[in-house]
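Each chain, written out:
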Amino acid sequence: MTPAPTSDERLTELEIKASFAEDLVDRLNDVIWRQQQQIDRLEREVAALREAVQPTATPRSLRHELPPHY
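Residues numbered from 1 in each chain as written. Predicted model: local features only at pLDDT ≥ 70, side-chain atom pairs only at ≥ 80, totals over all residues. Heavy atoms only, no water.

Asker: Outline the pattern of salt bridges, listing residues and values.
Answerer: All chains considered together, the criterion is met by 2 salt bridges. Between D23 and R27 there is a salt bridge, with the nearest N and O atoms lying 3.2 Å from each other. Taken as a pair, D23 and R27 lie in helix α1 (residues 7-52) at a separation of 4 residues, close to a single helical turn. On the basis of relative accessibility, which here comes to 37%, the residue D23 falls in the partly exposed class. E45 is the salt-bridge partner of R41, the closest N and O atoms lying 2.8 Å from each other. (Salt bridge = Lys/Arg side-chain N within 4 Å of Asp/Glu carboxyl O. Helix = DSSP H or I, 4+ residues; strand = E, 2+ residues; numbered from the N terminus. Buried < 20%, exposed > 50% of the residue type's maximum accessible area, 1.4 Å probe, protein only.)

Here's what the structure looks like:
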């Protein structure tokens, strides 16, 4: 039969688990920060693309709307 862990061993185990959890939270925070930076960049790109394809104020000729086989 295995002897029950002492209080010091249990405390050491908890400290190790807390250390791993803290490291994981730090790494996840870094990932989230990088993803937010990417989201911000993509939102700026989408806004720029929307501005680039805004319909012009001049009316288009219907001839330009005909399919190429006409």
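Still to come is the rest of the account.
Asker: Which residues make up the environment of Q36, and what are the values?
Answerer: For Q36, the position within the fold is in helix α1. For Q36, a relative accessible area of 39% puts it in the partly exposed group. For Q36, the side chain forms a polar contact with the side chain of D40, separated by 2.9 Å. (Polar contact = N/O pair within 3.5 Å; in protein donor to acceptor, adjacent residues only side chain to side chain.)

Keep in mind these numbers describe shape, not what the thing actually does.
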